[in-house]
2 protein chains.
Amino acid sequence: MGRWEPGAQGRLQLAALELFAKRGYSAVTIADIAEAAGLTKRTFFNHFPDKREILFAGAGAFEESVVNHLRSIPHDVAALEAVVQALSIAGSELARYREFSILRRDLIALNVELRERDLVKMVSLTDAIAVELLKRRVGATQASLAAQIGISIFNWAYDKWISGNDLDLSELMRTTLFDVRSIVDVVAT
Amino acid sequence: MGRWEPGAQGRLQLAALELFAKRGYSAVTIADIAEAAGLTKRTFFNHFPDKREILFAGAGAFEESVVNHLRSIPHDVAALEAVVQALSIAGSELARYREFSILRRDLIALNVELRERDLVKMVSLTDAIAVELLKRRVGATQASLAAQIGISIFNWAYDKWISGNDLDLSELMRTTLFDVRSIVDVVAT
DNA sequence: AAAGTGATTGCACTTAGTGCAATCTACTCC
DNA sequence: GGAGTAGATTGCACTAAGTGCAATCACTTT
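Undergrad: I'd like a description of the protein's contact with DNA strand D, backed by residues and values.
TA: Around DNA strand D lies a shell of 16 residues, among which Arg42 and Arg52 of chain A together with Thr43, Asn46 and His47 of chain B are the nearest. Counting only atoms of DNA strand D within 4 Å of the protein, the fraction found in sugar and phosphate groups is 51%. Note that a phosphate oxygen of DNA strand D is positioned 3.4 Å from one of the backbone N or O atoms of isoleucine 30 of chain A. Here a base oxygen of DNA strand D and a side-chain polar atom of arginine 42 of chain A are 2.5 Å apart. Of all the secondary-structure elements, those providing two or more residues to the surface near DNA strand D are helix H3 (41-47) of chain A together with helix H3 (41-47) of chain B. Per-element accounting of the surface near DNA strand D gives the leading share, four residues, to H3 of chain B. Residues of the surface near DNA strand D, tallied by class, amount to five nonpolar, five polar and six charged.

Undergrad: Provide a residue-level description of the relation of the copies chain A and chain B, including the pertinent values.
TA: Overlay of chain A on chain B (RMSD 0.0 Å): rotation 180 degrees, translation along the axis 0.0 Å. Taken together, the rotation and translation describe the operation of a two-fold axis. No C-alpha of chain A approaches the rotation axis more nearly than that of glutamate 116 of chain A, which lies at 2.4 Å. Comparing interface residues between copies, 100% of those in chain A also sit at the interface in chain B, which points to an isologous, same-surface contact.

Undergrad: I'd like to hear about the packing of aromatic side chains, residue by residue, with values.
TA: Residue and element names in this part refer to chain A. All told, the structure shown has twelve aromatic pairs over all chains when counted by the stated rule. With centroids separated by 5.0 Å and ring planes inclined at 55 degrees, the aromatic side chains of phenylalanine 20 and tyrosine 25 adopt a geometry described as tilted. The exposure classification of phenylalanine 20 matches that of tyrosine 25, with both residues buried. The structure contains a cluster of three or more aromatic residues connected by ring pairs, namely Phe62, Phe154, Tyr158 and Trp161. The residue whose ring lies beneath lysine 51 is tyrosine 25, and the NZ or CZ to ring-centre distance is 4.4 Å.

Undergrad: Tell me about the domain arrangement of chain A, and name the residues and values.
TA: Residues and elements named next belong to chain A. Under the domain assignment used here, chain A contains domain 1 (8-50) and domain 2 (58-185). Computed from C-alpha coordinates alone, the two centres of domain 1 and domain 2 are separated by 29 Å. With six residues of domain 1 in contact, the opposing surface of domain 2 contributes seven residues. Where domain 1 abuts domain 2, roughly 560 Å² becomes buried across the two surfaces, and 70% of that area is made up of carbon and sulfur atoms. Three residues stand out in domain 1 for area buried against domain 2, namely Leu17, Tyr25 and Asp50, and they jointly supply 74% of the buried area on that side. Summed over the shared surface of domain 1 and domain 2, the number is one salt bridge. Salt-bridge contacts for arginine 117 lead to aspartate 50; the nearest nitrogen and oxygen are separated by 3.2 Å. Counting the contacts that link domain 1 with domain 2 gives one residue pair in polar contact (both at pLDDT 80 or more). Residue composition of the side of domain 1 that touches domain 2, grouped by class: four nonpolar, one polar and one charged.

Basis of the calculations
- The residue numbering used here restarts from 1 in each chain and proceeds along that chain's sequence as written.
- Lettering for chains starts from A, numbering for ligands starts from 1, and both go in the order in which the items are written.
- At least 70 in pLDDT is required for a residue's local features to be given in this predicted model, at least 80 for side-chain atom pairs to be given and counted, and no such filter applies to totals for whole chains, interfaces and linings, which use all residues.
- Neither water nor hydrogens contribute to the side-chain values; these are computed over all heavy atoms in the structure.
- Residue proximity to a molecule or strand is established when one non-hydrogen atom of the residue lies within 4 Å of it.
- Throughout this description, a polar contact denotes any pair of N or O atoms lying within 3.5 Å of each other; where both atoms belong to protein, one of them has to be capable of donating a hydrogen while the other can accept it, and for residues adjacent in sequence the pair is counted only when both atoms sit in side chains.
- Comment: elements are numbered from the N terminus, with helices defined as DSSP H or I runs of at least four residues and strands as E runs of at least two.
- Lys, Arg, Asp and Glu make up the charged group, whereas Ala, Val, Leu, Ile, Met, Phe, Trp, Tyr, Cys and Pro make up the nonpolar group; the residues left over, Gly among them, are polar.
- Copies overlap after least-squares fitting; the atoms used are the C-alpha atoms of residues with pLDDT of at least 70 in both.
- Note on definitions: a residue-residue contact is assigned when non-hydrogen atoms from the two residues lie within 4.5 Å.
- The criterion for an aromatic pair is that two Phe, Tyr or Trp rings (for Trp, the six-membered ring) have centres within 6.5 Å, with stacked assigned to planes under 30 degrees apart, edge-to-face to planes over 60 apart and tilted to the rest.
- For every residue, the accessible area obtained with a 1.4 Å probe (protein chains only) is divided by the maximum for its type, and the residue is called buried under 20%, exposed over 50%, and partly exposed between those limits.
- Two limits define a charge over a ring: the Lys NZ or Arg CZ must be within 6 Å of the ring centre, and within 35 degrees of the ring normal.
- Note that domain bounds follow an automatic or database assignment of domains.
- Computed with a 1.4 Å rolling probe, the buried area is the accessible surface lost when two parts are put together, summed over both parts.
- We define a salt bridge as a side-chain nitrogen of Lys or Arg found within 4 Å of a carboxyl oxygen belonging to Asp or Glu.

Structure, rendered in structure tokens:
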């Protein structure tokens, strides 16, 4: 057994990313990707359910990470606070994939198909967070809303973060959280 | 000229909804829809860019309605308050389409493709709201977040509303808004 | 060597969606 | 009435996504 080399799935991803970066998402066919990875179109579908999923292979792991961090936060921490903390920790761990994140963001910005898939992943993450909050005996409405607001904060801050700010993700999220406060506080009672 | 009858676009929509209701979304092909409307597959694509769009033909009008209502709200009303009001008025106008809304909701719940498209439409609406808030001299971050929170509130309340509650949509949204308050208020300063 | 296991592949097929040229329809103008 | 024209509809040929199934290949076990 020689040096380690990426399996079929990894080779497909690498090949795809390279092609996407060069030609854009929609100009690359699945056959192209498979060929570039030394495989066939049919094999591609043994590893990915569809073309978009190449760019979201990590979504499941991220969701799991967020949920785990959230679970480890004491129950006496307020719901939204806990969500923000969990997302900020899990998000920081993505620093390794900064380069990939940027490419991904740019591809998504240019392609509706990809934005659609991205949004579904976000909703999935939101739901997972809400489920976790329910276990903390947060009411259904508040669980769902806290999850959604947390995700909104995360998206906003994360975008700023990978767009080259030297700030800390958790600082950015904290700042954004205060913005939310000031938006909501003004509302009549 | 005789009595008015729906044009090609309307016939396609009606035929599609009937088929979707009967067989579900994915079991119906575009050829099926076209045939049921007395047209051909090619003609379908002269009226809709794709199959999902049948269920979202009204999205543009709704977005316009929301933006118009938002514009008509005095600038001294707080951003989130204005968003909630605009959505609640525009939403109430959808009462006419209750039956359609329910079918649509059920179809979306069962089909990822449709959920994807639904989310994109929601983001489009959110962006339109944020743009409108920017014109009110709300800061970029707050505009985006107020729009997102408003949409979250709307979605939650609207779902409850069409699910058969006899309550007013605006009341439901108001209640939900208070939930948001209590979520955010607890956060540490 | 035989047998088995899992990954890869070939093939045939359905469906979405597009571009282009032809045709059909209704309406206008003479 | 008849020629013409604009717009809607259609046929056709094509690309590409995605699926089901059976065959084959590579590699390990016995």
